[in-house]
Amino acid sequence: MGDLKTRLNEIKNEDKNFGYFFDKDGKCYIYHTKFGKERNSEISGNDDIKSKFKELIDNIYKENNDKFNSLKEAFEKYLYIYNDKSTIHIKFNKNGEFLQTKSKIVDNFSETFKEDKFDDEKFKQWWDKSINSARMQGNATNLLKDKTKLDDNLKKINDASDKSRNLTQLLDKLENVEGMKATARELAYWMQFKDDKFPLANDASVNTAKYIFEMLNENSNNELKSIKENSNIQNNEQAYFDFVLKKLEVERTPNLPKYYILDQFLNLIDKIKKSDLALITKENLAENDNNKDPKQSAYYKLYQAAYDFANLCGKADIKSNDLEGFKKLLKTHKNIIFHGIPGTGKTYTIVNNVKNIIKNENQMLITQFHPSFSYEDFIEGIKPAGIENGQLKLELKNGIFREFCDKAKEEEKGFLEKLEKGNFNEALSDHGYFFIADEINRAELSRVFGELLYALEYRGEKGKIKTQYASMRDDEDFYVPENMFLLGTMNDLDKSIDSFDLALRRRFIWQEMECDYNVIRDEIYANNIEEYTQACKKLNDKISKDIGEKYQLGHSYFLKIEFKNDEIKDSDMKKLFSNRFEALLKEYLRSEYNEKEIQKHLDDLKKLFVIEKNDDKNK
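The notes below deal with the structure included here. These numbers were taken from a predicted model, which means no experiment stands behind them.

Regarding the overall build of the protein
From N to C terminus, the protein includes 28 helices and 10 strands. Put simply, the protein has 619 residues, and 48% of those count as buried. For the protein, long-range pairs separated by at least 24 residues make up 68% of all intrachain contacts whose partners lie at least 6 apart in sequence. Total accessible area computed for the protein in this model is approximately 31600 Å², and 44% of it derives from carbon and sulfur atoms.

Here you go:
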């Protein structure tokens, strides 16, 4: 095994796309880091590893292209049957329309400029009602703070939309817009919606188009360079969109522009979840197919094909919790602690947001801190390295964080170069490295971090430090590279929170995560979901008042509800309370009340956790 590991490590040092692992039985598998360990190839000590890796890559890209062709075929069939619809997204399609028709959205937008006068109130209403699915938090409010500036910006956007014939020209002209770059792209798209000159280039659509491009092209960097050299395309975004559009071979339908169809397709790949397949059968969305079995409908087959393709790279079922807000945070902070009540999906959210950003899985490392975790595990230390001449051999070995930093340093130059050009999202995707410390407060942090505090505050070579074992490295200095992000999670209720001393606290910014009732609305498909959501909120409000804010239940607890026939009943909620909540709440109450009082509080909370009927509301 030793010789095999040596050969594997040699290849790994040469090719960052190469990865390997051993299972519990000692079998060895190689994999492509972009596509994860699930798509692997077993090898033995006698195999030509490079040849096996090339064979694995060829098989992966063949499968990718086969899955995309199946998706393309399903998409064509869907458009043929449902070309009168304004969306392919099931959550909005119960009544056949996406909020309102796209042409109506465009017409309403023009109302804000009646008689060459800007109507800020109508603009706000239009933005709230029509673009809320793509709006960044607080954007509408921020836009209206300076009416004069907004009016000037809108004229620039209108001019850019009118005079640009493609996305390259548009992005160049939008450089003159101040303080609303992402919004400018959104508005320009609606201004030219019927002209069909360029696509909607928000972060989600660009990233998804890029994902498809890289999924289908083994040498994607060379392919991108070739496209730009042999065309008038000057930016990567236009190249990605044109590639996908050409692959789909989509032209506009009688009522839908081709770039809108492309946007719908990219959104489907970006947001697809397996639970959507179940929703199609529940909502009977296949009635136009003349097919009694929804699973044989064009609608279902499209979603199945989209899920299969997105799942090849682990993209399916990844729910992004305010991805744009997450990226915005990363622009200004590299040490972040996500904290809050249990059950808010802190680790889940961070991991999925990072997965939505990075290109290769080796750009992310997750470890869970615990009471015996040490400086030697984290930074470096003297550790056993086998037996030599009958004696225990000791060596200085890197801890997991230092080793991960060394990997990140190889990409630091590329990260900084793209930052200088203003390509933050690309720098993050291609060269960003994320170390995730789950339950970070459970370790004795002052001992774990040691002299790292300075290097965390001052990234790059300006933050160089001498570690405890520097003398054994010929005084080699250590620093945390600019492209390294340290993200931690912690529960506010954990008593070990006290171990987070003030010196460490100052190095991190703190993001609180609360129960997100919108997640409950989005993830549970029930006819009375709003009533259930209100019952969840009512229970948390009572817990907050009687026990304390930090004792509330996170949304993941409420997602465990089991029910039948698309309706949540009181009996379902009582069962959830007894099976999931009661033991936890009992522990919370134990320090304050005796057993009799505890049971009374639990009974009161259980009685409160019900769906109110109309008669109850009117009392």
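Section: the pattern of salt bridges
Summed over all chains, the structure comprises 34 salt bridges. Residue K16 is joined to E411 by a salt bridge in which the shortest nitrogen-to-oxygen separation is 3.1 Å. Pair noted here: K16 is in the loop between α1 (2–14) and β1 (18–22) and E411 is in helix α18 (residues 400–420), with a separation of 395 residues, a long-range link. K16 sits in the partly exposed class, given a relative accessible area of 44%. Judged by relative accessible area, E411 falls into the buried class, the value being 9%. In this structure, R39 and E63 form a salt bridge, with 3.0 Å as the shortest nitrogen-oxygen distance. Taken as a pair, R39 in the loop between β2 (28–32) and β3 (40–43) and E63 in helix α2 (residues 49–82) lie far apart in primary sequence, 24 residues in all.

A look at empty space enclosed by the protein
A full pass over the atoms with the stated rule returns 2 cavities of 30 Å³ or more. Taken as a whole, the largest cavity spans an internal volume of roughly 70 Å³. For the largest cavity, the full set of lining residues is F75, Y78, L79, Y82, N83, K85, S86, T87, I88, L256, I261 and Q264. Counting residues per element, the ones that place at least two in the lining of the largest cavity are α2 and α12 (258–271). Looking at the lining of the largest cavity, the element that brings in the most residues is α2, giving 4 residues. If you add up the space inside the second largest cavity, you get close to 40 Å³. Taken together, N202, A204, S205, T208, D263, L266, N267, D270 and K271 make up the lining of the second largest cavity.

Some details on the side chain of S205
Tracing the backbone shows S205 in helix α9 (residues 203–216). Polar side-chain contacts of S205 include one of 2.8 Å to the side chain of N202. Excluding residues that lie within four positions of it along the chain, S205 makes contacts with L200, F241, D263 and L266.

Let's talk about the packing of aromatic side chains
Counting across every chain of the model gives 38 aromatic pairs. Between F68 and F265, the ring centres sit 6.2 Å apart and the planes meet at 85 degrees, which makes this aromatic pair edge-to-face. Linking F68 in helix α2 with F265 in helix α12, this pair joins segments that are 197 residues apart in sequence. Taken together, the aromatic side chains of F369, F373, F378, F401, F404, Y433, F435 and F449 make up a single cluster linked through ring pairs. In this arrangement the basic side chain of K334 is found over the ring face of F485, its NZ or CZ atom lying 5.9 Å from the centre. Note that K409 overlies the ring of Y479, its terminal NZ or CZ placed 4.3 Å from the centroid.

With respect to the sheet that holds β3
Read across the sheet, 3 strands follow the order β1-β2-β3 without closing on themselves; strand pairing throughout is antiparallel. Two strands bound the open sheet, and with one partner strand each, they are β1 and β3. Here the average twist between neighbouring strands, direction ignored, is 30 degrees. Sheet topology note: the β1/β2 ladder contains 5 bridges and is antiparallel. Each bridged residue has a counterpart across the sheet, and for F21 the counterpart in β2 is Y29. Running over the sheet, α2 touches β1, β2 and β3 and is turned about 50 degrees from β2.

Description of the packing of helix α11 (residues 236–248) against α12
Remark: α11 packs on α12, axes separated minimally by 11 Å, with the N-to-C direction vectors making an angle of 95 degrees. Classified by the interaxial angle, the pair formed by α11 and α12 is roughly perpendicular. Judged by residue contacts, Q238, F241, D242, V244, L245 and L248 of α11 engage K258, Y259, L262, F265 and L266 from α12.

Side note on the pairing of β2
Counted residue by residue, β2 has 5 buried out of 5 residues, so it is predominantly covered. Residues of β2 alternate between two faces, with C28, I30 and H32 on one and Y29 and Y31 on the opposite face, all of them buried. Linking β1 back to β2 in an antiparallel pair, the connection comprises 5 residues, with G26 at a positive phi of about 90 degrees.

A short note on the nonpolar core
I157, I212, F265 and F309 are the most contacted members of the largest nonpolar core, which totals 86 residues. Top element by residues in this core is α2. It accounts for 13 residues. Leaving out residues up to four positions away in the same chain, F265 has contacts with F68, L71, F75, I88, I212, V244 and L248. Counting residues in each nonpolar core, the second largest holds 31 residues, with I337, F373, F435 and F508 among its members.

Comments concerning unusual backbone geometry
Of note in this structure, D196 is not a glycine but carries a positive phi near 60 degrees. Residue placement: D196 occurs in the loop between α8 (181–191) and α9. Taking relative accessible area as the criterion, D196 reaches 9% and is therefore assigned buried. Of note in the backbone geometry, E439 takes a positive phi value of approximately 50 degrees without being a glycine. Residue position: E439 is located in the loop between β8 (433–438) and α20 (445–449). We classify E439 as partly exposed; its relative accessible area is 26%.

A short note on the layout of surface pockets
With a probe scaled to a water molecule rolled over the atoms, the places where space remains empty come into view. Here the second largest pocket defines a volume of roughly 530 Å³. Together, 26 residues line the second largest pocket, and K34, E214, S220, N221 and K359 are the ones closest to its centre. Mapped by element, the contributors of at least two residues to the lining of the second largest pocket are α2, α9, α10 (220–229), α11 and α19 (424–431). Of all the elements, α10 adds the most residues to the lining of the second largest pocket, at 5 residues. Residues that form the lining of the second largest pocket fall into these classes: 6 nonpolar, 9 polar and 11 charged.

Points about helix α15 (residues 323–332)
Helical geometry: 3.6 residues make up each α-helical turn, so side chains three or four residues apart lie on a common side. The complete set of buried residues in α15 reads L323, F326, K327, L329 and L330. Buried residues along α15 cover an arc of 155 degrees about the axis, so they all sit on one side. Turned more than 90 degrees away from the buried face of α15, the exposed residues are K328, K331 and T332.

Observations regarding the sheet that holds strand β10 (residues 509–513)
One open sheet holds the 5 strands; their spatial order is β5-β8-β9-β4-β10, and the pairing between them is parallel. Whereas interior strands pair on both sides, the edge strands pair on one side only; in this sheet they are β5 (364–368) and β10. Ignoring which end each strand starts from, the neighbouring axes of this sheet average 20 degrees apart. Examined bridge by bridge, strand β4 (residues 335–340) and strand β9 (residues 484–491) share 6 bridges and lie parallel to one another. By the bridge assignment, N335 is partnered in β9 with L486. Across the face of the sheet, α15 comes into contact with β4, β8, β9 and β10 while running at roughly 135 degrees to β4.

Criteria and thresholds
- Throughout, a residue's number is its position along its own chain's written sequence, starting from 1.
- Only residues with pLDDT of at least 70 are given local features in this predicted model, and only at 80 or more are side-chain atom pairs given and counted; all residues enter the totals for whole chains, interfaces and linings.
- Hydrogen atoms and water are omitted, and side-chain values are computed over all heavy atoms in the structure.
- Only runs of H or I of at least four residues qualify as helices and only runs of E of at least two qualify as strands under DSSP, and these elements are numbered from the N terminus.
- With a 1.4 Å probe rolled over the protein chains alone, any residue whose accessible area is under 20% of its type maximum counts as buried; one over 50% counts as exposed, and the rest are partly exposed.
- Two residues form a contact once any of their heavy atoms are found within 4.5 Å.
- Shrake-Rupley sampling with a 1.4 Å probe provides the accessible areas, and residues are treated as covered by the protein chains on show and by no other component.
- Every case where a carboxyl oxygen of Asp or Glu lies within 4 Å of a side-chain nitrogen of Lys or Arg is listed as a salt bridge.
- Points on a 1 Å grid over protein atoms alone make up a cavity when a 1.4 Å probe fits among them but cannot get out, and a pocket when they form an open set with protein on both sides within 12 Å along at least five of seven lines; lining residues each have an atom within 4 Å of a point.
- Grid points are joined across faces, edges and corners, and a volume is the space filled by probe spheres set on the points.
- Polar contacts, as counted here, are pairs of nitrogen or oxygen atoms within 3.5 Å of one another; within protein the pair requires one atom able to donate a hydrogen and one able to accept it, and residues that are adjacent in sequence qualify only if both atoms are side-chain atoms.
- By convention, a stacked pair of Phe, Tyr or Trp rings (six-membered ring in the case of Trp) has centres within 6.5 Å and planes under 30 degrees apart, an edge-to-face pair has planes over 60 apart, and any other such pair is tilted.
- Counted as over-ring charges are cases with an Arg CZ or a Lys NZ within 6 Å of the ring centre that also lie within 35 degrees of the ring normal.
- At least two bridges found by DSSP between two strands is the condition for calling them paired.
- Orientation is described by axes fitted as lines to C-alpha atoms, over the contacting stretch for helices, and by angles from 0 to 180 degrees between their N-to-C directions.
- Any angle that is under 35 degrees is reported as roughly parallel, and any over 145 degrees as roughly antiparallel; angles of 65 to 115 degrees are reported as roughly perpendicular and all others as oblique.
- Residues belong to one nonpolar core when they are buried, are Ala, Val, Leu, Ile, Met, Phe, Trp, Tyr or Cys, and are joined through side-chain atoms within 4.5 Å.
- In this classification, the charged set is Asp, Glu, Lys and Arg, the nonpolar set is Ala, Val, Leu, Ile, Met, Phe, Trp, Tyr, Cys and Pro, and all remaining amino acids, among them Gly, are polar.
- Each C-beta atom gives one direction from the helix axis, and the arc is the one those directions make.

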